[in-house]
Amino acid sequence: MPTVLSRGSQILRPLHRASFKQSRSPPFCWKQLLSMSTNPEPLFSEGEDHEQLSNDAAALLADGEWTLSHDRKGIERRFQFKTFNKTWEFMNLVAADCKKMKHHPEWSNIYNKAHIRWTTHSPIGLSAKDIHMARVCNAHAETLGALPIPQETEAGSSATPGLEAGDCCVPKGTNP
Ligand SMILES: C[C@H](O)[C@H](O)[C@H]1CNC2=NC(N)=NC(=O)C2=N1
């Protein structure tokens, strides 16, 4: 047993020294890191008008309903309706516009909720088509009387937002 311990400490010592040296000179700018974490910019698809898209994205994200995805390559929003039928109707309307635009969402549905993420796969990133389709979703949701959803706090939002299993299984009336 003592042999194992002394072998272990021999291995650890040089590693400790190396990591101490590295921690004395941070390889990034703290100011830049702070601004990225508080107000991250989307990663736009190549070939897009970044200035125009940046303004459009900022306008869309302003009220907090659409949020920037964690990888910054897309935008996402949760919709909620009174019934499953309304939710399905909403998804059908969006699907018809996807066909026209030749642009498709990453989405999921549980009962009366739909989670939609718009991102462009080729070229990768956020594009004008994503912004356009997000607006299309907003318009259809309004027409169908989407319900307001309480906004999640920063601490409460999950790394992979969407719908949780069991989201449909709450007693009637307690659903937010
Ligand atoms: C040929 C066709 O237009 C492309 O494959 C489309 C289809 N739908 C798409 N949808 C999304 N979200 N991103 C794309 O890059 C994409 N490409």
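By the naming in an unreviewed UniProt entry, the protein chain is 4a-hydroxytetrahydrobiopterin dehydratase, taken from Viridothelium virens. Under the Catalytic activity (unreviewed entry) heading, UniProt states for the protein chain: "(4aS,6R)-4a-hydroxy-L-erythro-5,6,7,8-tetrahydrobiopterin = (6R)-L-erythro-6,7-dihydrobiopterin + H2O". Here is the UniProt Sequence similarities (unreviewed entry) comment for the protein chain, exactly as written: "Belongs to the pterin-4-alpha-carbinolamine dehydratase family."

Asker: Describe the pattern of salt bridges, naming the residues involved and giving the relevant values.
Answerer: On inspection of all chains with the given rule, the structure shows six salt bridges. With a shortest N-O distance of 4.0 Å, R117 and E76 are connected by a salt bridge. Residue R117 is located in strand β4 (residues 113-121), and its partner E76 is located in strand β2 (residues 74-80); the two are separated by 41 residues in the primary sequence. Comparing R117 with E76, the two get one shared label, buried.

Asker: Account for the site of the ligand, naming residues and giving values.
Answerer: In the vicinity of the ligand, the residues found are K102, H103, H104, T119, T120, H121 and S122. H121 places a main-chain nitrogen or oxygen 3.1 Å from an oxygen atom of the ligand. Isolated, the ligand exposes 390 Å² of accessible area, and the fraction of that covered by the protein chains is 59%. Across the shell around the ligand, the residue classes tally to no nonpolar, six polar and one charged.

Asker: Give a detailed account of the environment of H121, specifying residues and quantitative values.
Answerer: For H121, the position within the fold is in strand β4. Each C-alpha atom of the pair H121 and G74 lies 9.9 Å from the other, and the pair is 47 residues apart in sequence. At a separation of 3.0 Å, a polar atom in the side chain of H121 contacts the side chain of E106.

Asker: Would you mind going over the packing of helix α3 (residues 50-61) against helix α5 (residues 128-143) in detail, with residue names and values included?
Answerer: Where α3 meets α5, the closest approach of the two axes is 10 Å, and the angle between their N-to-C directions is 25°. The angle between α3 and α5 falls in the class roughly parallel. Note that α3 runs across α5; the crossing there is left-handed. Mapping the contact onto sequence places L53, D56, A57 and L60 in α3 and A128, I131, A134, R135 and N138 in α5.

Asker: Report on the packing of aromatic side chains, specifying residues and quantitative values.
Answerer: Summed over all chains, the structure comprises four aromatic pairs. Between W66 and F79, the ring centres sit 5.9 Å apart and the planes meet at 75°, which makes this aromatic pair edge-to-face. Of this pair, W66 sits in the loop between α3 and β1 (67-68) while F79 sits in strand β2; the two residues are 13 residues apart in sequence, bridging distant segments of the chain. Both residues of the pair, W66 and F79, belong to the buried class. Considering the side-chain rings of F79 and F90, the 4.8 Å spacing of their centres and the 45° angle between planes classify their relative orientation as tilted. Of this pair, F79 sits in strand β2 while F90 is found in helix α4 (residues 84-101), placing the two residues eleven residues apart along the sequence. Its relative accessible area of 0% is what places F90 among the buried residues. Feature note: the residues W66, F79, F81 and F90 constitute an aromatic cluster, connected by ring pairs.

Asker: So, the environment of Y111: which residues are in play, and what are the values?
Answerer: Among the structural elements, Y111 can be located in the loop between β3 (106-110) and β4. Its relative accessible area of 33% is what places Y111 among the partly exposed residues. Spatially, the C-alpha atoms of Y111 and A59 are 30 Å apart, while their sequence positions differ by 52 residues.

Asker: Break down α5 for me, with residues and values.
Answerer: For α5, with 16 residues, the first-to-last C-alpha span of 23 Å sits near the 22 Å given by 1.5 Å per residue. Taken together, the buried positions of α5 are occupied by D130, I131, M133, A134, V136, C137, H140 and A141. If you follow the buried residues of α5, they end up packed against α3, β2, α4, β4 and β5 (124-125). Note on α5: the residue one or two positions beyond its end, G145, has a positive phi of about 70°.

Criteria and thresholds
- Residues numbered from 1 in each chain as written.
- Predicted model: local features only at pLDDT ≥ 70, side-chain atom pairs only at ≥ 80, totals over all residues.
- Heavy atoms only, no water.
- UniProt positions renumbered as here; feature names shortened; annotations may be inferred.
- Salt bridge = Lys/Arg side-chain N within 4 Å of Asp/Glu carboxyl O.
- Helix = DSSP H or I, 4+ residues; strand = E, 2+ residues; numbered from the N terminus.
- Buried < 20%, exposed > 50% of the residue type's maximum accessible area, 1.4 Å probe, protein only.
- Near = heavy atom within 4 Å.
- Polar contact = N/O pair within 3.5 Å; in protein donor to acceptor, adjacent residues only side chain to side chain.
- Areas by Shrake-Rupley, 256 points an atom, 1.4 Å probe, with all protein chains shown as cover.
- Nonpolar A, V, L, I, M, F, W, Y, C, P; charged D, E, K, R; others polar.
- Axes fitted to C-alpha atoms, helices over the stretch in contact; angles between N-to-C directions.
- Parallel < 35°, antiparallel > 145°, perpendicular 65-115°, else oblique.
- Left-handed = near helix turned anticlockwise from the far one by under 90°.
- Contact = heavy atoms within 4.5 Å.
- Phe/Tyr/Trp six-rings, centres within 6.5 Å; stacked < 30°, edge-to-face > 60°.
- Expected span 1.5 Å × (residues − 1).

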